[in-house]
Amino acid sequence: MYAWIWRKLPFGLPGKLIGSLLLTMSVLALLWFFVFPWAEPLLPFDDVQVTQDGGGDPGTPGGPTGGEPGTDTGDPGSGDGHDIPYDTDQNNPEPTPSASR
């Protein structure tokens, strides 16, 4: 198919290069402005649902964060929701002196 299109484009090599560029840009513009906007409601890309087992919204008082927003209870589960749920000190032990003498 592409060879047939290449043979049918006029004006030698420069015309074929410009013509193929115009055809490619026309197809991309058709997809971008007509096909993709038509198909977007049919696609599930924006259908995102995030749930938590604790119930409630994380930012609401009494929600899964455990208290008023901005209060630090010292509980590892409280905070802005980006706390690491494990102790990082156990992952990085103290370096041992090397025995290369």
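Each remark here, short or long, concerns the structure printed above.
Remember, predicted model here, so these are calculated numbers, not experimental data.

Considering helix 2 (residues 12–39)
Spanning 28 residues, helix 2 covers 38 Å between terminal C-alpha atoms, matching the ideal 40 Å at 1.5 Å per step. Of all the positions in helix 2, only G15, K16, G19 and A39 are classed as buried. Looking at the buried positions of helix 2, the neighbouring elements they touch are helix 1 (2–8).

Brief notes about a nonpolar patch on the surface
Where nonpolar side chains cluster on the molecular surface, the patch consists of L30, W32, F33, F34, V35, F36, W38, L42, L43 and F45 and spans about 1,200 Å² of accessible area. Here F34 shows up in helix 2. We classify F34 as exposed; its relative accessible area is 59%.

Here's the deal with unusual backbone geometry
Most peptide bonds take the trans form, and the phi angle of most residues other than glycine is negative. For F11, which is not glycine, the phi torsion reads 70° and is therefore positive. Position of F11 relative to the elements: it lies in the loop between helix 1 and helix 2. Judged by its relative accessible area of 73%, F11 falls in the exposed class.

Definitions and limits used
Residues numbered from 1 in each chain as written. Predicted model: local features only at pLDDT ≥ 70, side-chain atom pairs only at ≥ 80, totals over all residues. Heavy atoms only, no water. Helix = DSSP H or I, 4+ residues; strand = E, 2+ residues; numbered from the N terminus. Expected span 1.5 Å × (residues − 1). Buried < 20%, exposed > 50% of the residue type's maximum accessible area, 1.4 Å probe, protein only. Contact = heavy atoms within 4.5 Å. Patch = residues over 30% accessible without salt bridge, like charges linked within 9 Å, V, L, I, M, F, W, Y side chains within 5 Å. Areas by Shrake-Rupley, 256 points an atom, 1.4 Å probe, with all protein chains shown as cover. Salt bridge = Lys/Arg side-chain N within 4 Å of Asp/Glu carboxyl O.

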